[in-house]
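# Structural features, examined
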Amino acid sequence: MAKVTAPLLSLDAKGTLAKKMTFQNRKGTNTVYWNKGHRDNPSEASETQRTWFREATQAWNELTDEQKQTYKDRAKEIINEKITGYNLYIREYPEAPPEPIYEWSEQQPAGVANKVWEKCQISDDGKSAIAVASWDHVYIYRNGAWEQHKPAGASTKDWQACAISGDGKIFIAAYDYGKIYKYNGTEWNEEQPAGATTKSWYTLALNYDGTKMIAGVNSGRLYYHNGTSWAEQQPEGASNRAWTMVGISATGDKLIACINGYHVYTYINGSWARNSPTGAINQSWTMAKISDDGNKYIAGIWNGKLYHYTGTEWIEDQPLGNTNKGWKDGQINEDGNKYIVCVQGGRIYYYNGTEWQEEQPAGDADKTWYGVDISADGEKRIAGIAPGRLYARLQTN
C-alpha cells in the first residue's frame, strides 16, 4: 500500500485500473494497492481440461449456421434449465472432458482478516454465494468476485443470518435486533414479516427462485412468505420460541423448522406437525434442513445426536461414532442423498451418498465452525469460522 496525492490527476480516485492497481480512500487518505493476482501455473489435469475445452470450442466454431441452429432449438426444449445451443454442444462433445477437480481455498471477502462468519450459503450451481459477519457487513460472491454490501447503511451490524436462492439471483440477510433485507441483484429492499419493528432475526431460507421465504426469530415468532405476502406461522401455538433454524424446498411449499428445547417441525400439504426423531423430543435442536423436493431432512442437536430422514423414517448418523457433538449448521443437497454438517469447536463432515468423510478446509484442527452449505450436486461447498476465515470448495480445472 502506498499513500498518494492527486491520484490519476484527480482529487479522489476510486476503483481498479487494468485489474492491477486499486485506488481507495480510507479515513480521508488516498491509497493505491498493487494487485499481484496469482501465478498461472496449472496442474496437468487443469491443462488437459483447458486443451479439451479449446478443441470443443473450435469444433463449435466450425459448424455451419444451420448446424448451430439445431443445437439452439434443442436447448430451448430443455425444461427447468437455462442452456444455450453452445452449452448443449459442449456438453455432448464426443470426446469426454477429464473429471473435474475440486479444492478448498480460503476466501477473503473482507481482506486478509479474521471475521465472525455467522452464516454462509452457496447457490445450486456453486457460482454464487452470500456470507455475513457479525459486527461487519454482508458479502456476495458472483461473477467470480466478492462484493461488500451495506443493506442497512454504512455502519456495521450484528448480522446473524443470510440465504441465497437456488438459482443464485436473490439474496437475503438479517441482523440481530434489526431488520431483514432482500437483494434482487440490483438493489436492497427491506422486508417486514412482523411489521415495521426490529427483531432478533436468527435464521432465514429462500426457495429456488427467491419468491418464497421463511424467517425465524430467536425468542420470537416464525414467519413465511408464500410468494405474495408474509404471515405468522404457529407450529407450537401463539407463543414466542427460540427458532434456531429453518429450511425450504425448491418450490417453497414444504418447510422445516426447529426450536431449541422443543421439537423439529415440518410443513407439508398446508399444515405444520411435530416431526422429531423417535425419543428425541424436547432437545436442544440447533440444525434442521430440507431437500429441494421436500422429502428428506437432516437435523442436529446441540451436544447431542445427528439424524437424517429418508422419506419414511428418521435414522441416526454417526460421523464420529456414537458420541454427542455440538452440531451447529448443515445442509442437504438437491436429491437429499448428500449432506454436510459442522461442529462448533470441532470439524466438518460430508456424506457423499455412501459414507462419511471429514473435510479440512482450515487444516487438521478443531475450529468454531458456524456455517456450512453445499451446491445441488454436493461438490461445491462453503464454510465459515467464527471468529476466523471463510472457505470455499470450488472447481479448479
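Use the structure listed above.
These remarks concern the structure in this document. Starting from 1, residues in each chain are numbered consecutively following that chain's sequence as written. Local features in this predicted model are restricted to residues whose pLDDT is 70 or higher, and side-chain atom pairs enter the listing and the counts only when it is 80 or higher, whereas totals over whole chains, interfaces and linings include all residues. To obtain the side-chain values, all non-hydrogen atoms of the structure were used and water was disregarded.

Here helix 2 (residues 65-76) spans 17 Å end to end across 12 residues, near enough to the 16 Å set by a 1.5 Å rise per residue. Each residue is assigned to one of three classes by its accessible area relative to the maximum for its type, calculated with a 1.4 Å probe on protein chains only: buried under 20%, partly exposed between the two thresholds, exposed over 50%. Segments assigned H or I by DSSP are reported as helices when at least four residues long, segments assigned E as strands when at least two residues long, and all are numbered from the N terminus. Looking at helix 2, one finds that the buried residues are Lys68, Tyr71 and Ala75. Along the axis of helix 2, the buried positions cluster into a sector of 60 degrees, meaning they face one direction only. Facing away from the buried side of helix 2 by over 90 degrees, the exposed positions are Glu66 and Lys76. Multiplying 1.5 Å by the helix residue count minus one yields the expected span of that helix. Directions from the helix axis toward the C-beta atoms define the arc.

Another point: the nonpolar core. Nonpolar side chains in soluble globular proteins tend to end up buried together. Here the nonpolar core consists of buried residues drawn from Ala, Val, Leu, Ile, Met, Phe, Trp, Tyr and Cys, with membership extended through side-chain atoms lying within 4.5 Å. Grouped together as the largest cluster of nonpolar side chains are 24 residues, with contacts concentrated most on Trp285 and Val341. Counting only elements with at least two residues in this core, the list comes to strand 19 (255-262), strand 22 (283-290), strand 23 (297-301), strand 24 (306-309), strand 26 (327-332), strand 27 (339-346) and strand 28 (348-351). If you look at the next biggest cluster of nonpolar residues, it comprises 14 residues, including Ala163, Ile172, Ala215 and Tyr223.

Any Phe, Tyr or Trp ring, taking Trp's six-membered ring, that has another such ring centre within 6.5 Å forms a pair; planes under 30 degrees apart are called stacked, those over 60 apart edge-to-face, and the others tilted. Enumeration according to the criterion identifies 26 aromatic pairs in this entry. Between Trp52 and Tyr93, the aromatic rings sit 5.9 Å apart at their centres with planes inclined by 75 degrees, giving edge-to-face as the arrangement. Taken as a pair, Trp52 in helix 1 (residues 44-61) and Tyr93 in the loop between helix 3 (85-92) and strand 5 (102-107) lie far apart in primary sequence, 41 residues in all. Using a relative accessible area of 9% as the deciding quantity, one classes Trp52 as buried.

Turning next to unusual backbone geometry. The omega torsion across Ala386 and Pro387 is -5 degrees, close enough to zero to call that bond cis. Tracing the backbone shows Pro387 in the loop between strand 31 (381-385) and strand 32 (390-395). Although it is not a glycine, Tyr177 adopts a positive phi angle of roughly 50 degrees. Checked against the element boundaries, Tyr177 lands in the loop between strand 11 (171-175) and strand 12 (180-183). Take Tyr177: its relative accessible area is 63%, and that puts it in the exposed class. Not every positive phi belongs to a glycine, and Asn269 is a case in point at roughly 55 degrees. Locating Asn269 in the fold gives a position in the loop between strand 20 (264-268) and strand 21 (271-274). Of the residues examined, Asn269 reaches a relative accessible area of 77% and is grouped as exposed.

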